[in-house]
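# Structure assessment
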Amino acid sequence: QVQLVESGGGSVQAGGSLRLSCAASGEIPRFNVMGWYRQTPEKQRELVGTISTGNVTNYVDGGKGRFAISRDNAKNTVTLQMNSLRPEDTAVYYCNLKSYGGIYVNYWGQGTQVTVSS
């Protein structure tokens, strides 16, 4: 079992920044991908940014150049720095951890609200 604890959500004005953090604990797979997804009532959940144990990253198209994801493998934490935020970034953001190269597991955080006002 893996637990994901999220922090850093909140409200900002357009053009502002937020930093989301997620800490994983429990039986964490040796090889995994951690990151953030977001969801609104009007749109299905989409990938925002992920990073593997080997530091391979992936970003939503609209986030490239604005978002940066990093991780600390020793602490099992992942951080998403979001700059130049836009109202369309408003969503509930969920931390995620997936395994690879072994038994498949998939864990989600509770979600944290990000609101960007114009």
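For the structure itself, consult the block above.
Residues numbered from 1 in each chain as written. Predicted model: local features only at pLDDT ≥ 70, side-chain atom pairs only at ≥ 80, totals over all residues. Heavy atoms only, no water.

## Brief notes about the pairing of strand S4 (residues 32–40)
- The sheet contact formed by S4 and strand S9 (residues 91–99) spans eight bridges and is antiparallel. The residue of S9 that forms the bridge with Asn32 is Ser99. (Pairing = 2+ DSSP bridges. Helix = DSSP H or I, 4+ residues; strand = E, 2+ residues; numbered from the N terminus.)

## Section: the pairing of strand S3 (residues 18–26)
- Pairing of strand S1 (residues 2–7) with S3, which is carried by six bridges, proceeds in the antiparallel orientation. Within S3, the position partnered with Val5 by the bridge is Ala23.
- As paired elements, S3 and strand S8 (residues 77–82) share six bridges and run antiparallel to each other. Residue pairing across strands places Cys22 opposite Val78, the latter belonging to S8.

## Thoughts on the environment of Val2
- Mapping Val2 onto the fold places it in strand S1.
- By relative accessible area, which is 6% here, Val2 ends up buried.
- Measuring from C-alpha to C-alpha, the distance between Val2 and Leu97 comes to 8.6 Å, with 95 residues separating the pair along the chain.
- Look past the residues within four positions of Val2 in its chain and what remains in contact with it is Ala24, Ser25, Glu27, Ile28, Leu97 and Tyr107. (Buried < 20%, exposed > 50% of the residue type's maximum accessible area, 1.4 Å probe, protein only. Contact = heavy atoms within 4.5 Å.)

## Examining the nonpolar core
- Within the largest apolar cluster, 26 residues are counted, with the highest numbers of intra-cluster contacts made by Leu4, Trp36 and Met82.
- Only S1, S3, S4, strand S5 (43–52), strand S7 (67–72), S8, S9 and strand S11 (112–117) provide two or more residues apiece to this core.
- If we ignore the near neighbours within four places in the chain, the residues touching Leu4 are Cys22, Ala23, Ala24, Met34, Cys95, Asn96, Leu97, Tyr107, Trp108 and Gly109. (Core = buried A, V, L, I, M, F, W, Y, C linked by side-chain atoms within 4.5 Å.)

## Let's talk about the packing of aromatic side chains
- One pass over the structure, following the stated rule, counts two aromatic pairs.
- Ring centres of Phe31 and Tyr100 lie 6.1 Å apart, and the angle between their planes is 40°; this geometry places the pair in the tilted category. Note that Phe31 is positioned in the loop between S3 and S4 and Tyr100 in the loop between S9 and strand S10 (106–108), a separation of 69 residues in sequence.
- Take Tyr100: its relative accessible area is 36%, and that puts it in the partly exposed class.
- With 5.2 Å between their ring centres and 70° between their planes, Tyr37 and Trp108 make a pair best called edge-to-face. (Phe/Tyr/Trp six-rings, centres within 6.5 Å; stacked < 30°, edge-to-face > 60°.)

## Some details on the side chain of Asn32
- With respect to the element layout, Asn32 can be found in strand S4.
- There is a polar contact of 2.9 Å between the side chain of Asn32 and the backbone oxygen of Pro29.
- Once you skip the residues sitting within four places of it in the chain, Asn32 turns out to touch Ile51, Ser52, Thr53, Arg71, Leu97, Lys98, Ser99 and Tyr100. (Polar contact = N/O pair within 3.5 Å; in protein donor to acceptor, adjacent residues only side chain to side chain.)

Scope: geometric values only; no functional claims are made or implied.
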